[in-house]
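Residue-level structure breakdown
The lines below spell out each chain.
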Amino acid sequence: MPTNEPRPTKAVRRDEARAKAAQMRAEQERKAKRNRMLAIGGLVLAVLALGAVVFFIVNQSKERAEAYGSVAFGGGGDDVVAPALADVEAPAPANDEGGIPVSPAGVGEQGDDDTVLSIYFDFMCPVCGQFEQTNGEDVKALTETDGVTVAFHPLAFLDYTSQGTFYSTRAANAYAVIADESPEHLVDFMSAMYAEGTQPAEGTSGLSDAEIAEVASGVGVPDDVIATFTSTVTGTYEVGTGDDTTEKDGEWRTFAPWIKAAYASAQQQFPDLGTPYILIDGVKWEGNWQQPGALRAAVEQAAAAKG
């Protein structure tokens, strides 16, 4: 539609363009300032959140150190010198090799001519749990088979995976206490600790002492025996390597020195030691324990060959 209004001059148009540009710059600066403030605020919140996480982790580590500081022999340090089996207190039924033999004659009894099935295990080991699921009933039956002894060797080499709670040592110590004071419940306790839904996953803090006690109670271990799972003793230990060692005083669960000594002894005997580690009459069994019945058949065959 035609208009009679005069067209803005070049100077007016230039001033309007400058004003618009200035307005756009001001708007951009406001947005940039707002984004900077948001970024700074987000960074502050992130730092605060990280600080809270660090505080929680440090506090949790401190609490666990206080709660579990008297579990493992020598505090579980990497430089702790393992004692000799002959120098530590062992459960009454234990043999000289750090195992607990079970046969038809009872816990701690082994016939002179028995075929010996030795099983090295760690209560945190997930593969040991699979082994128990596949072979547990057969192993229990072998403990009741004439001419056969099953020697159970609890290890604690997975302590480092339980977030500072030394679960492997706590579980192995409870096992050793049962062997010492309530041996008739030993095999059932082991099976219950590996039961589906009970065995903790590797890398977790493991079962609490109260939960271990509950498992033991469930298989009939008396309350007065369970109460000693967390009992401690004091003694000395050495740290260092070779001739450069220092003696220190410490406190730990009753059979923690035996657990440490048994593991060290097994490592010396078997450089390829892992869990489960299976021997038949002192020779590593290379069969397939994942095949149901295979292990039991191998032990029975070895026993029959002697008979």
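I will try to describe carefully the structure that is included in this document.

Conventions and cut-offs
- Residues numbered from 1 in each chain as written.
- Predicted model: local features only at pLDDT ≥ 70, side-chain atom pairs only at ≥ 80, totals over all residues.
- Heavy atoms only, no water.
- Helix = DSSP H or I, 4+ residues; strand = E, 2+ residues; numbered from the N terminus.
- Phe/Tyr/Trp six-rings, centres within 6.5 Å; stacked < 30°, edge-to-face > 60°.
- Buried < 20%, exposed > 50% of the residue type's maximum accessible area, 1.4 Å probe, protein only.
- Salt bridge = Lys/Arg side-chain N within 4 Å of Asp/Glu carboxyl O.

1. Quick notes on unusual backbone geometry
A cis amide bond, omega -5°, links Thr275 with the succeeding residue Pro276. Following the sequence through the fold, Pro276 ends up in the loop between helix H7 (256-269) and strand S7 (277-280). Residue Phe166 is not a glycine yet carries a positive backbone phi of 55°. Considering the arrangement of structural elements, one finds Phe166 in the loop between strand S4 (148-155) and helix H3 (167-181).

2. Here's the deal with the packing of aromatic side chains
Evaluated as defined, the whole model comprises 14 aromatic pairs. Considering the side-chain rings of Phe73 and Tyr237, the 6.0 Å spacing of their centres and the 70° angle between planes classify their relative orientation as edge-to-face. One end of the pair, Phe73, is in the loop between helix H1 (10-68) and strand S1 (100-103); the other, Tyr237, is in strand S5 (residues 232-241), and 164 residues separate them in sequence. A relative accessible area of 13% places Tyr237 in the buried class. Geometrically, the ring pair formed by Phe121 and Tyr175 is edge-to-face, given 5.6 Å between the ring centres and 80° between the ring planes. Here Tyr175 lies in helix H3 and Phe121 lies in strand S3 (residues 115-122), a separation of 54 residues in the sequence. On the basis of relative accessibility, which here comes to 2%, the residue Phe121 falls in the buried class. Accessibility expressed as a relative area gives 0% for Tyr175, which makes it buried. An aromatic cluster of at least three residues, connected via ring pairs, comprises Phe121, Phe123, Tyr175, Phe189 and Tyr194.

3. Focus on the pattern of salt bridges
According to the stated counting rule, one finds seven salt bridges in the structure shown. As a salt-bridge pair, Arg170 and Asp209 come within 2.8 Å of each other at their nearest N and O atoms. Taken as a pair, Arg170 in helix H3 and Asp209 in helix H5 (residues 209-218) lie far apart in primary sequence, 39 residues in all. Where salt bridges share partners, they join Asp138, Arg296 and Glu300 into one cluster.

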